Amino acid sequence: MATSEPKQQPWREEQLRKYTFKTDQIPRLPCSDSKVDELISLGQPVVITDTKLATPALKWTLDYLQEHLGDGDYSTYESDSHIFRYFDEKKLQSHKGYSPPMKRIEVKFPEFVQRVRNYEPGDKKLYLQQQLNDTVGKQIVVDFLQFNWPWISTYQRKNNWGQLTSNLLLIGMEGNVTPCHYDEQENLYAQVGGYKRVILFPPSQFSCLYPYPVHHPHDRQCQVDFENPDYERFPNFRNAHGYEAVLGPEDVLYLPMYWFHHFESLLDGGLTTSITFWYKSAPTTDITYPLKPQQKMAMMRNIEKMITEALNDPEEVRSFGPKSDSDSWVRFLAVVLVGPFMKDMVLGRYT
Ligand SMILES: CC[C@@H](CC(=O)C(=O)O)C(=O)O
Ligand SMILES: [Zn+2]
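Quick caveat, the model's predicted, so the values are computed rather than measured.

(A) Structural context of the pattern of salt bridges. For the structure on display, the rule yields 19 salt bridges. Residues D80 and K124 are paired through a salt bridge, measuring 2.5 Å at the closest nitrogen-oxygen approach. With D80 in the loop between strand 4 (73-79) and strand 5 (102-108) and K124 in the loop between helix 3 (109-117) and strand 6 (125-131), this pair connects stretches of sequence that are 44 residues apart. Residue classification places D80 among the exposed positions, given a relative accessible area of 62%. Members of the salt-bridge network, linked through shared partners, are K91, E184, D219 and R301.

Structure, rendered in structure tokens:
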């Protein structure tokens, strides 16, 4: 009996960056498997194959896009390193002294292509992140309309998700990293070109990941530098345990709301192209106790927003600067006097 040769994986281990935490694999299932529906309805991540969700976009090479995308401006981040940590421009106002580690520029697509193709070590790295809207060319609209909308709408309906809010076209250079963060929307993430590693952490690991305070420009972003973790400030990061997959063309990842995620375009893997499908979450109908971790995250966000708005002065809630006596007292009190909810909200985030 012919034994099926194990499928040669089209990438090598050395193309993955090395981190200190352990990971398990995210389940990978064909869209015909009923377990896909079960995992999505449970808010569990899964890599889904054979969906044909964005098949028309498989031909979206740089040349094809240059010919058909249209001559609008394209939102692109440039960074001095491989790290592209998102920041909320609106929150920069209240953080005068803070300068984000990357810059958002608007470029014409031919300029983006030229800079990417002529990249030399030492140049700024680029990451195009553009919402697909009606400024794109006719042919792109034709391709877009041929996505597998019936398949994706089934999941929107079955899980009572709200409207499709946006599709982000992502074109990243090899080695680019979007550091760990969470979003407040459901996401079906279609990998179209190249290979991208995704590492996920469930909302229950909030206390291991220390997201920035809500009023900070890096709201929702994990403070821990995965490449050089500061275990003194973030001791609980030692307990982080991830779930990962390498996504290739036509793979679709269901990325549940509030799950922390890190993306990296494989080292020496060339350009990567992905398209996100973000949906508003289903309305919460019945509150059952104990609350789910994602509900606690939503509560923490509301408490932090209320405190910051009520005080109307971020200085009042800003975390302490370099370690100081008061900081160690705050830590001591936080560890001894407050329960897990307040500890998770404060320790390493406001202390
Ligand atoms: C936005 C960039 C990121 C994807 C992501 O964070 C998301 O789809 O929520 C990535 O692919 O680098
Ligand atoms: Zn995200």
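Read on, since the account is not over.
(B) How the structure looks around the coordination of the zinc ion (ligand 2). Protein coordination of the zinc ion (ligand 2) is provided by H181 (NE2), D183 (OD) and H261 (NE2), with donor distances spanning 2.1 to 2.2 Å. On the primary sequence, the residues serving as donors to the zinc ion (ligand 2) are separated as H-x1-D-x77-H.

(C) Looking closely at the sheet that holds strand 12 (residues 241-247). Spatially, the 5 strands line up as an open sheet ordered 1-12-11-14-9, and their pairing is mixed. The sheet is open, and its two edges are formed by strand 1 (22-25) and strand 9 (177-181), each paired on a single side. Here the average twist between neighbouring strands, direction ignored, is 25°. Of the pairings in the sheet, the one linking strand 9 to strand 14 (residues 260-265) comprises 3 bridges and is antiparallel in character. Its bridge partner being in strand 14, H181 is matched across the sheet by H261.

Reading guide: rules and limits
- Residues numbered from 1 in each chain as written.
- Chains lettered and ligands numbered in written order.
- Predicted model: local features only at pLDDT ≥ 70, side-chain atom pairs only at ≥ 80, totals over all residues.
- Heavy atoms only, no water.
- Salt bridge = Lys/Arg side-chain N within 4 Å of Asp/Glu carboxyl O.
- Helix = DSSP H or I, 4+ residues; strand = E, 2+ residues; numbered from the N terminus.
- Buried < 20%, exposed > 50% of the residue type's maximum accessible area, 1.4 Å probe, protein only.
- Donors = N, O, S within 2.8 Å, 3.2 Å for Na, K, Ca; no water.
- Pairing = 2+ DSSP bridges.
- Axes fitted to C-alpha atoms, helices over the stretch in contact; angles between N-to-C directions.

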